[in-house]
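For reference, the chains in residue letters:
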Amino acid sequence: MEKIKMTTPIVEMDGDEMTRILWKMIKEHLLEPFIELNTEYYDLGLEHRNATDDQVTVDSANATKKYKVAVKCATITPNAARMEEYDLKEMWKSPNGTIRAILDGTVFRAPIVVKGIEPCVKNWKKPITIARHAYGDVYKNTEMKIPGAGKVELVYTAQDGTEHRELVHEYTGPGVAQGMHNLNQSIASFARSCFNYALDIKQDLWFATKDTISKKYDHTFKDIFQEIYDAEYADKFKEAAIVYFYTLIDDAVARVMKSEGGYIWACKNYDGDVMSDMISSAFGSLAMMTSVLVSPDGYYEYEAAHGTVQRHYYKHLKGEETSTNSVATIFAWTGALRKRGELDSNQALMDFAGKLEKATIDTIESGEMTKDLALITTIENPTVLNSEDFIKAIASRL
(Lines give C-alpha, C1' and ligand atoms only; values in the text may rest on other atoms or scores of the structure.)
Protein backbone atom coordinates (compact mmCIF):
# COMPACT_ATOMS: atom_id res chain seq x y z
CA MET A 1 0.00 0.00 0.00
CA GLU A 2 1.37 3.41 -0.96
CA LYS A 3 1.65 5.76 2.01
CA ILE A 4 -0.06 9.16 2.05
CA LYS A 5 2.44 11.94 1.43
CA MET A 6 2.60 15.28 3.27
CA THR A 7 3.96 18.39 1.55
CA THR A 8 4.26 20.63 4.65
CA PRO A 9 5.36 19.54 8.14
CA ILE A 10 3.22 19.55 11.26
CA VAL A 11 4.95 20.86 14.39
CA GLU A 12 5.17 17.85 16.74
CA MET A 13 5.47 18.64 20.46
CA ASP A 14 6.30 15.53 22.48
CA GLY A 15 5.36 15.43 26.16
CA ASP A 16 5.61 13.64 29.47
CA GLU A 17 4.88 10.45 31.38
CA MET A 18 2.14 8.05 30.25
CA THR A 19 0.95 10.27 27.41
CA ARG A 20 4.52 10.21 26.02
CA ILE A 21 4.33 6.38 25.97
CA LEU A 22 0.93 6.52 24.20
CA TRP A 23 2.31 9.10 21.74
CA LYS A 24 4.95 6.64 20.55
CA MET A 25 2.39 3.79 20.26
CA ILE A 26 -0.04 5.96 18.26
CA LYS A 27 2.69 6.90 15.78
CA GLU A 28 3.92 3.31 15.48
CA HIS A 29 0.54 1.57 15.04
CA LEU A 30 -1.87 4.21 13.68
CA LEU A 31 0.12 6.79 11.72
CA GLU A 32 3.45 5.60 10.31
CA PRO A 33 2.04 2.49 8.54
CA PHE A 34 -0.28 4.75 6.50
CA ILE A 35 1.41 8.17 6.23
CA GLU A 36 4.88 9.39 5.30
CA LEU A 37 4.73 11.43 8.49
CA ASN A 38 6.33 14.84 8.01
CA THR A 39 6.85 16.64 11.33
CA GLU A 40 9.22 19.19 12.84
CA TYR A 41 9.90 17.59 16.22
CA TYR A 42 10.25 19.41 19.56
CA ASP A 43 10.78 17.53 22.83
CA LEU A 44 8.65 19.29 25.46
CA GLY A 45 9.36 16.59 28.03
CA LEU A 46 10.23 18.21 31.36
CA GLU A 47 13.88 17.05 31.31
CA HIS A 48 14.49 18.68 27.92
CA ARG A 49 12.62 21.85 28.86
CA ASN A 50 14.88 22.05 31.91
CA ALA A 51 18.03 21.41 29.85
CA THR A 52 17.12 24.19 27.39
CA ASP A 53 15.90 26.66 30.05
CA ASP A 54 12.44 26.22 28.47
CA GLN A 55 13.68 27.69 25.17
CA VAL A 56 12.34 24.58 23.41
CA THR A 57 8.78 25.62 24.31
CA VAL A 58 9.27 29.07 22.79
CA ASP A 59 10.89 27.49 19.70
CA SER A 60 7.95 25.11 19.23
CA ALA A 61 5.45 27.99 19.40
CA ASN A 62 7.44 30.03 16.87
CA ALA A 63 7.61 26.97 14.58
CA THR A 64 3.80 26.81 14.81
CA LYS A 65 3.68 30.37 13.50
CA LYS A 66 5.80 29.23 10.56
CA TYR A 67 3.90 26.02 9.67
CA LYS A 68 0.46 27.02 11.09
CA VAL A 69 -0.42 23.54 12.45
CA ALA A 70 0.90 21.79 15.58
CA VAL A 71 0.03 18.70 17.60
CA LYS A 72 0.98 18.57 21.28
CA CYS A 73 1.32 15.76 23.80
CA ALA A 74 0.31 16.43 27.42
CA THR A 75 3.08 18.01 29.51
CA ILE A 76 3.91 18.50 33.18
CA THR A 77 3.51 21.93 34.76
CA PRO A 78 5.95 21.58 37.67
CA ASN A 79 5.13 22.22 41.32
CA ALA A 80 7.45 21.91 44.34
CA ALA A 81 7.26 18.10 44.31
CA ARG A 82 8.11 17.97 40.60
CA MET A 83 11.06 20.31 41.12
CA GLU A 84 12.57 17.80 43.50
CA GLU A 85 11.59 14.73 41.44
CA TYR A 86 13.14 16.07 38.22
CA ASP A 87 15.94 18.13 39.86
CA LEU A 88 14.79 21.28 38.01
CA LYS A 89 16.73 24.54 37.76
CA GLU A 90 13.51 26.45 38.44
CA MET A 91 9.76 25.96 38.50
CA TRP A 92 9.14 26.33 34.75
CA LYS A 93 5.85 27.85 33.62
CA SER A 94 3.03 25.88 32.01
CA PRO A 95 4.03 25.11 28.40
CA ASN A 96 0.39 25.59 27.39
CA GLY A 97 0.40 29.08 28.88
CA THR A 98 3.65 29.99 27.12
CA ILE A 99 2.44 28.69 23.75
CA ARG A 100 -0.97 30.34 24.18
CA ALA A 101 0.63 33.71 24.89
CA ILE A 102 2.95 33.52 21.85
CA LEU A 103 0.17 32.40 19.48
CA ASP A 104 -2.45 34.74 21.06
CA GLY A 105 -4.92 31.88 20.91
CA THR A 106 -8.26 30.75 22.30
CA VAL A 107 -8.78 27.17 23.54
CA PHE A 108 -11.77 25.26 22.15
CA ARG A 109 -12.74 22.03 23.95
CA ALA A 110 -15.41 19.60 22.78
CA PRO A 111 -16.49 16.11 23.89
CA ILE A 112 -16.03 13.09 21.60
CA VAL A 113 -19.49 11.52 21.44
CA VAL A 114 -19.82 7.73 21.16
CA LYS A 115 -22.79 5.38 21.58
CA GLY A 116 -22.63 3.60 24.90
CA ILE A 117 -21.12 6.56 26.77
CA GLU A 118 -24.31 8.49 27.45
CA PRO A 119 -24.29 12.14 28.67
CA CYS A 120 -25.70 12.81 32.13
CA VAL A 121 -28.02 15.37 30.53
CA LYS A 122 -30.38 13.11 28.57
CA ASN A 123 -31.29 15.64 25.85
CA TRP A 124 -27.64 16.35 24.87
CA LYS A 125 -27.25 14.65 21.49
CA LYS A 126 -24.39 16.67 19.92
CA PRO A 127 -21.10 17.99 21.31
CA ILE A 128 -21.00 21.35 23.08
CA THR A 129 -17.71 23.15 22.40
CA ILE A 130 -16.40 25.48 25.12
CA ALA A 131 -14.33 28.46 23.94
CA ARG A 132 -12.42 29.88 26.90
CA HIS A 133 -10.81 33.31 26.90
CA ALA A 134 -7.52 32.39 28.50
CA TYR A 135 -6.34 35.82 29.63
CA GLY A 136 -6.87 38.07 32.62
CA ASP A 137 -9.77 38.22 35.07
CA VAL A 138 -9.24 36.37 38.38
CA TYR A 139 -6.22 34.50 36.94
CA LYS A 140 -4.16 37.70 36.79
CA ASN A 141 -5.78 39.42 39.75
CA THR A 142 -4.24 41.38 42.61
CA GLU A 143 -5.63 40.53 46.03
CA MET A 144 -5.47 42.18 49.41
CA LYS A 145 -6.58 41.24 52.92
CA ILE A 146 -8.11 44.31 54.55
CA PRO A 147 -7.15 44.38 58.23
CA GLY A 148 -9.78 46.85 59.45
CA ALA A 149 -11.75 50.02 58.85
CA GLY A 150 -10.72 52.15 55.86
CA LYS A 151 -11.42 52.50 52.18
CA VAL A 152 -10.25 50.63 49.07
CA GLU A 153 -10.08 52.51 45.77
CA LEU A 154 -9.27 51.75 42.14
CA VAL A 155 -6.77 54.33 40.92
CA TYR A 156 -5.85 54.88 37.24
CA THR A 157 -2.81 57.12 36.72
CA ALA A 158 -2.50 58.32 33.11
CA GLN A 159 0.89 58.84 31.45
CA ASP A 160 0.57 62.58 32.00
CA GLY A 161 0.17 61.99 35.75
CA THR A 162 -3.54 62.73 36.05
CA GLU A 163 -5.48 60.36 38.31
CA HIS A 164 -8.97 58.88 38.18
CA ARG A 165 -10.36 57.21 41.31
CA GLU A 166 -13.31 54.91 41.97
CA LEU A 167 -14.30 53.84 45.47
CA VAL A 168 -14.47 50.04 45.78
CA HIS A 169 -15.76 49.93 49.36
CA GLU A 170 -15.70 51.83 52.65
CA TYR A 171 -14.75 49.13 55.19
CA THR A 172 -15.96 49.27 58.78
CA GLY A 173 -14.04 46.11 59.68
CA PRO A 174 -11.78 43.40 58.22
CA GLY A 175 -12.45 41.98 54.76
CA VAL A 176 -10.88 41.17 51.41
CA ALA A 177 -10.52 42.96 48.06
CA GLN A 178 -9.31 42.07 44.59
CA GLY A 179 -8.55 43.95 41.41
CA MET A 180 -8.94 42.37 37.94
CA HIS A 181 -8.04 43.58 34.48
CA ASN A 182 -8.37 42.73 30.81
CA LEU A 183 -7.20 44.22 27.51
CA ASN A 184 -9.31 45.30 24.55
CA GLN A 185 -6.73 43.75 22.23
CA SER A 186 -6.99 40.36 23.98
CA ILE A 187 -10.80 40.46 23.95
CA ALA A 188 -10.77 41.30 20.23
CA SER A 189 -8.41 38.38 19.52
CA PHE A 190 -10.71 36.11 21.53
CA ALA A 191 -13.72 37.32 19.54
CA ARG A 192 -12.05 36.80 16.15
CA SER A 193 -10.82 33.33 17.14
CA CYS A 194 -14.38 32.39 18.11
CA PHE A 195 -15.93 33.79 14.93
CA ASN A 196 -13.28 32.14 12.74
CA TYR A 197 -13.66 28.77 14.45
CA ALA A 198 -17.46 28.91 14.15
CA LEU A 199 -17.07 29.46 10.41
CA ASP A 200 -14.43 26.72 10.30
CA ILE A 201 -16.69 24.03 11.78
CA LYS A 202 -20.01 25.56 10.63
CA GLN A 203 -21.62 25.82 14.08
CA ASP A 204 -23.62 28.53 15.85
CA LEU A 205 -21.68 30.66 18.34
CA TRP A 206 -23.08 31.64 21.72
CA PHE A 207 -21.41 34.25 23.96
CA ALA A 208 -22.43 35.08 27.51
CA THR A 209 -21.31 37.50 30.26
CA LYS A 210 -23.07 39.31 33.12
CA ASP A 211 -23.21 42.76 31.53
CA THR A 212 -26.38 43.78 33.43
CA ILE A 213 -24.37 43.72 36.69
CA SER A 214 -20.87 44.45 35.35
CA LYS A 215 -21.83 47.48 33.27
CA LYS A 216 -18.27 48.43 32.27
CA TYR A 217 -16.07 45.31 32.56
CA ASP A 218 -18.38 42.61 31.16
CA HIS A 219 -20.19 45.11 28.94
CA THR A 220 -16.88 45.84 27.19
CA PHE A 221 -16.64 42.16 26.23
CA LYS A 222 -20.20 42.25 24.86
CA ASP A 223 -19.57 45.47 22.91
CA ILE A 224 -16.27 44.33 21.36
CA PHE A 225 -17.82 41.03 20.24
CA GLN A 226 -20.78 42.84 18.68
CA GLU A 227 -18.67 45.51 16.94
CA ILE A 228 -16.35 42.91 15.39
CA TYR A 229 -19.27 40.67 14.39
CA ASP A 230 -21.16 43.52 12.71
CA ALA A 231 -18.09 44.87 10.90
CA GLU A 232 -16.33 41.66 9.85
CA TYR A 233 -18.47 38.54 10.24
CA ALA A 234 -22.22 39.19 9.87
CA ASP A 235 -22.25 38.50 6.11
CA LYS A 236 -19.96 35.47 6.45
CA PHE A 237 -22.22 33.95 9.14
CA LYS A 238 -25.29 34.53 6.97
CA GLU A 239 -23.57 32.88 4.02
CA ALA A 240 -22.59 29.90 6.18
CA ALA A 241 -26.16 29.69 7.61
CA ILE A 242 -24.94 29.92 11.20
CA VAL A 243 -25.93 32.32 14.00
CA TYR A 244 -24.09 34.49 16.54
CA PHE A 245 -26.14 34.70 19.73
CA TYR A 246 -25.47 36.78 22.88
CA THR A 247 -27.18 36.29 26.23
CA LEU A 248 -26.51 36.58 29.96
CA ILE A 249 -24.41 33.82 31.52
CA ASP A 250 -27.22 32.57 33.78
CA ASP A 251 -29.63 32.44 30.83
CA ALA A 252 -26.95 30.62 28.80
CA VAL A 253 -26.62 27.94 31.49
CA ALA A 254 -30.39 27.40 31.53
CA ARG A 255 -30.50 27.18 27.71
CA VAL A 256 -27.52 24.80 27.58
CA MET A 257 -29.20 22.35 29.97
CA LYS A 258 -32.32 22.21 27.78
CA SER A 259 -30.53 22.13 24.43
CA GLU A 260 -29.47 19.25 22.19
CA GLY A 261 -25.94 20.68 21.87
CA GLY A 262 -24.17 21.22 18.58
CA TYR A 263 -22.81 24.77 19.08
CA ILE A 264 -19.81 26.72 20.41
CA TRP A 265 -20.24 28.39 23.80
CA ALA A 266 -17.75 31.26 24.24
CA CYS A 267 -16.97 32.09 27.87
CA LYS A 268 -14.82 34.52 29.80
CA ASN A 269 -11.81 33.01 31.57
CA TYR A 270 -13.40 31.83 34.84
CA ASP A 271 -16.69 30.78 33.23
CA GLY A 272 -14.79 28.75 30.64
CA ASP A 273 -12.64 27.08 33.30
CA VAL A 274 -15.73 25.94 35.21
CA MET A 275 -18.01 25.12 32.27
CA SER A 276 -15.42 23.03 30.40
CA ASP A 277 -15.13 20.71 33.43
CA MET A 278 -18.92 20.52 33.70
CA ILE A 279 -19.27 19.65 30.00
CA SER A 280 -16.47 17.06 30.04
CA SER A 281 -17.82 15.35 33.17
CA ALA A 282 -21.42 15.40 31.96
CA PHE A 283 -20.46 13.92 28.58
CA GLY A 284 -18.47 11.13 30.24
CA SER A 285 -14.72 11.64 30.56
CA LEU A 286 -11.93 14.20 30.25
CA ALA A 287 -10.11 11.51 28.22
CA MET A 288 -12.87 11.93 25.61
CA MET A 289 -12.37 15.66 25.00
CA THR A 290 -10.68 17.35 22.06
CA SER A 291 -8.77 20.58 22.62
CA VAL A 292 -7.53 23.00 19.97
CA LEU A 293 -5.81 26.37 20.39
CA VAL A 294 -6.92 28.70 17.58
CA SER A 295 -5.20 32.00 16.84
CA PRO A 296 -6.96 34.81 14.93
CA ASP A 297 -3.84 34.80 12.71
CA GLY A 298 -4.66 31.28 11.52
CA TYR A 299 -2.44 29.11 13.75
CA TYR A 300 -3.83 25.82 15.13
CA GLU A 301 -2.41 23.70 17.95
CA TYR A 302 -4.20 20.40 18.76
CA GLU A 303 -3.83 18.47 22.02
CA ALA A 304 -5.69 16.23 24.46
CA ALA A 305 -7.67 18.06 27.13
CA HIS A 306 -6.22 15.92 29.95
CA GLY A 307 -2.86 15.66 31.72
CA THR A 308 0.03 13.21 31.64
CA VAL A 309 -1.74 10.35 33.56
CA GLN A 310 0.98 10.26 36.23
CA ARG A 311 -0.47 7.33 38.21
CA HIS A 312 -0.49 5.04 35.17
CA TYR A 313 3.06 6.09 34.28
CA TYR A 314 4.37 4.97 37.67
CA LYS A 315 2.60 1.62 37.18
CA HIS A 316 4.16 1.36 33.71
CA LEU A 317 7.65 2.00 35.16
CA LYS A 318 7.11 -0.91 37.59
CA GLY A 319 6.24 -3.18 34.65
CA GLU A 320 2.57 -3.33 35.63
CA GLU A 321 -0.17 -3.37 32.99
CA THR A 322 -2.09 -0.14 32.35
CA SER A 323 -5.38 0.53 30.60
CA THR A 324 -4.94 4.18 29.63
CA ASN A 325 -7.43 5.93 27.36
CA SER A 326 -5.64 7.30 24.29
CA VAL A 327 -8.71 8.62 22.43
CA ALA A 328 -8.15 12.34 23.07
CA THR A 329 -4.49 12.04 22.01
CA ILE A 330 -5.50 10.16 18.83
CA PHE A 331 -8.02 12.93 18.06
CA ALA A 332 -5.31 15.56 18.62
CA TRP A 333 -3.38 13.91 15.79
CA THR A 334 -6.44 13.56 13.53
CA GLY A 335 -7.37 17.22 14.12
CA ALA A 336 -3.88 18.36 13.15
CA LEU A 337 -3.68 16.03 10.13
CA ARG A 338 -7.10 17.16 8.88
CA LYS A 339 -6.17 20.85 9.23
CA ARG A 340 -2.82 20.23 7.49
CA GLY A 341 -4.78 18.51 4.70
CA GLU A 342 -7.20 21.44 4.44
CA LEU A 343 -4.42 24.03 4.22
CA ASP A 344 -2.44 21.96 1.67
CA SER A 345 -5.48 20.77 -0.36
CA ASN A 346 -4.43 17.21 0.53
CA GLN A 347 -7.74 15.28 0.38
CA ALA A 348 -6.07 11.92 1.13
CA LEU A 349 -4.75 13.27 4.44
CA MET A 350 -8.16 14.69 5.36
CA ASP A 351 -9.84 11.37 4.48
CA PHE A 352 -7.33 9.46 6.59
CA ALA A 353 -8.10 11.66 9.63
CA GLY A 354 -11.81 10.83 9.25
CA LYS A 355 -11.11 7.10 8.88
CA LEU A 356 -8.91 7.02 11.98
CA GLU A 357 -11.59 8.80 14.02
CA LYS A 358 -14.24 6.37 12.75
CA ALA A 359 -12.03 3.35 13.55
CA THR A 360 -11.52 4.71 17.08
CA ILE A 361 -15.25 5.28 17.70
CA ASP A 362 -16.21 1.94 16.07
CA THR A 363 -13.78 0.11 18.39
CA ILE A 364 -15.45 1.56 21.49
CA GLU A 365 -18.98 1.06 20.13
CA SER A 366 -18.14 -2.60 19.40
CA GLY A 367 -17.46 -3.05 23.13
CA GLU A 368 -13.64 -2.90 23.10
CA MET A 369 -12.40 -0.10 25.36
CA THR A 370 -10.09 0.99 28.15
CA LYS A 371 -11.01 0.49 31.81
CA ASP A 372 -12.17 4.08 32.43
CA LEU A 373 -14.84 3.77 29.72
CA ALA A 374 -15.83 0.22 30.74
CA LEU A 375 -16.78 1.63 34.16
CA ILE A 376 -19.30 4.11 32.68
CA THR A 377 -20.53 2.46 29.47
CA THR A 378 -24.10 1.25 28.92
CA ILE A 379 -22.76 -1.46 26.54
CA GLU A 380 -23.18 -4.86 28.15
CA ASN A 381 -20.11 -6.99 28.93
CA PRO A 382 -17.45 -4.69 27.46
CA THR A 383 -13.98 -6.06 26.74
CA VAL A 384 -11.38 -4.18 28.79
CA LEU A 385 -8.14 -3.76 26.84
CA ASN A 386 -4.75 -2.57 28.05
CA SER A 387 -3.19 0.60 26.68
CA GLU A 388 -1.39 -0.99 23.70
CA ASP A 389 -4.06 -3.55 22.84
CA PHE A 390 -6.68 -0.80 22.59
CA ILE A 391 -4.51 1.05 20.06
CA LYS A 392 -3.88 -2.23 18.18
CA ALA A 393 -7.65 -2.91 18.10
CA ILE A 394 -8.13 0.49 16.42
CA ALA A 395 -5.27 -0.31 14.02
CA SER A 396 -6.94 -3.57 12.95
CA ARG A 397 -10.13 -1.65 12.03
CA LEU A 398 -8.16 1.10 10.33
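Asker: Quick question: what am I supposed to make of the packing of aromatic side chains here?
Answerer: Note on aromatic pairs: each is described by the distance of the centres and the angle between the planes. For the structure shown, the criterion picks out 21 aromatic pairs. Seen in terms of ring centroids, Y229 and Y244 are 5.1 Å apart; in terms of plane orientation they differ by 40°. Their pairing is tilted. Residue Y229 is found in helix 7 (residues 217–240), and its partner Y244 is found in strand 13 (residues 244–248); the two are separated by 15 residues along the sequence. Residue class for Y229 comes out buried when judged on its relative accessible area of 14%. Look at Y244 and you get buried, because its relative accessible area is 10%. Connected via pairs of aromatic rings, a cluster forms that spans F190, F195, F207, F225, Y229, Y233, F237, Y244 and Y246. In this structure, K268 packs its charged tip against the face of F221, placed 5.5 Å from the ring centre.

Asker: Explanation requested: the sheet that holds strand 14 (residues 263–267) in the structure shown.
Answerer: Hydrogen bonds between backbone atoms are what pair the strands of a sheet, whose relative direction is either parallel or antiparallel. In space, the ten strands of this open sheet follow the order 4-2-5-16-15-6-7-14-12-13, with mixed pairing throughout. Edge positions in the open sheet fall to strand 4 (39–43) and strand 13, since each of these has one partner strand only. Averaged over all neighbouring strand pairs, the angle between strand axes comes to 20°, with direction disregarded. Pairing analysis gives three bridges linking strand 6 (residues 106–111) to strand 7 (residues 128–132), with the strands arranged antiparallel. Each bridged residue has a counterpart across the sheet, and for F108 the counterpart in strand 7 is A131. Sitting on the sheet, helix 1 (residues 17–31) is in contact with strand 2 (10–14), strand 4 and strand 5 (69–72), with an inclination near 140° to strand 2.

What counts, and at which threshold
Residues numbered from 1 in each chain as written. Predicted model: local features only at pLDDT ≥ 70, side-chain atom pairs only at ≥ 80, totals over all residues. Heavy atoms only, no water. Phe/Tyr/Trp six-rings, centres within 6.5 Å; stacked < 30°, edge-to-face > 60°. Helix = DSSP H or I, 4+ residues; strand = E, 2+ residues; numbered from the N terminus. Buried < 20%, exposed > 50% of the residue type's maximum accessible area, 1.4 Å probe, protein only. Lys NZ or Arg CZ within 6 Å of the ring centre and 35° of its normal. Pairing = 2+ DSSP bridges. Axes fitted to C-alpha atoms, helices over the stretch in contact; angles between N-to-C directions. Contact = heavy atoms within 4.5 Å.

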